[in-house]
Amino acid sequence: MELPDFMSYANKFSQNDFVEKISRVAKRAGAKLVYAALILFYTLQSDKISVKDKAIIIGALGYLISPLDVVPDAIPIVGLGDDLGVLIYVLKTVWTDIDPAVKERAQQKLSDWFDEDEIKEIDTLFS
């Protein structure tokens, strides 16, 4: 899968739009996408991450929020696949700099939308 230029979506990101989008699509998107998005969102709030990495994260989250992307989100099943691809790509890029507390916070937040069986999906985040 070839990734789009998600950095062109950086101006689409806002905290309110992110929260609204995740709340709206959580169940349809699945625990894996929501977990990746939450990790990036919480990492963005950290002062332990470089400005360069923050810019990449903002681009990825802006891509997630934007209704205009490679595969429109409204298309069942595959509509959020490109969004997940972008999030996973960026997550792999910054993974070593992510505080374990951020991962735990994101995992705890998943329980707002998913049951235990659905949360197990995050064990295969990179596969």
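As shown above, the structure is provided for reference.
Residues numbered from 1 in each chain as written. Predicted model: local features only at pLDDT ≥ 70, side-chain atom pairs only at ≥ 80, totals over all residues. Heavy atoms only, no water.

Visitor: Go over the pattern of salt bridges, please, and point to the residues and values.
Guide: Opposite charge on two side chains allows them to pair when their charged atoms are near. Scanning all chains against the criterion turns up five salt bridges. Across the pair Glu118 and Lys27 runs a salt bridge whose closest N-O atoms are separated by 2.7 Å. With Glu118 in helix H6 (residues 116–119) and Lys27 in helix H1 (residues 15–29), this residue pair connects regions lying 91 residues apart in the sequence. By relative accessible area, which is 25% here, Glu118 ends up partly exposed. The shortest N-O distance in the salt bridge between Lys120 and Asp117 comes to 3.7 Å. (Salt bridge = Lys/Arg side-chain N within 4 Å of Asp/Glu carboxyl O. Helix = DSSP H or I, 4+ residues; strand = E, 2+ residues; numbered from the N terminus. Buried < 20%, exposed > 50% of the residue type's maximum accessible area, 1.4 Å probe, protein only.)

Visitor: Quick one: what's the story with the side chain of Thr43, residue by residue and with numbers?
Guide: One can find Thr43 in helix H2 (residues 31–44). Owing to a relative accessible area of 2%, Thr43 belongs among the buried residues under this scheme.

Visitor: Provide a residue-level description of the environment of Phe114, including the pertinent values.
Guide: Along the polypeptide, Phe114 turns up in the loop between helix H5 (100–110) and H6. Residue classification places Phe114 among the buried positions, given a relative accessible area of 6%. When the C-alpha positions of Phe114 and Ala26 are compared, they lie 8.5 Å apart, and in sequence the two are 88 residues distant. Those residues in contact with Phe114, other than ones at most four positions away along the chain, are Ala26, Lys27, Gly30, Ala31, Val34 and Ile119. (Contact = heavy atoms within 4.5 Å.)

Visitor: With reference to specific residues and values, describe the packing of aromatic side chains.
Guide: Across all of its chains, the model carries four aromatic pairs by this definition. Both rings, one in Phe18 and one in Phe41, keep their centres 4.3 Å apart while their planes meet at 15°; by these two values the pair is stacked. Taken together, the positions of Phe18 in helix H1 and Phe41 in helix H2 put the pair 23 residues apart, joining distant regions of the chain. Comparing Phe18 with Phe41, the two get one shared label, buried. Consider the rings of Trp95 and Phe126, whose centres lie 5.0 Å apart with planes at 90°: the pair is edge-to-face. Here Trp95 is found in the loop between helix H4 (81–94) and H5, whereas its partner Phe126 is found in the segment after H6, with 31 residues between them in sequence. Take Trp95: its relative accessible area is 25%, and that puts it in the partly exposed class. (Phe/Tyr/Trp six-rings, centres within 6.5 Å; stacked < 30°, edge-to-face > 60°.)

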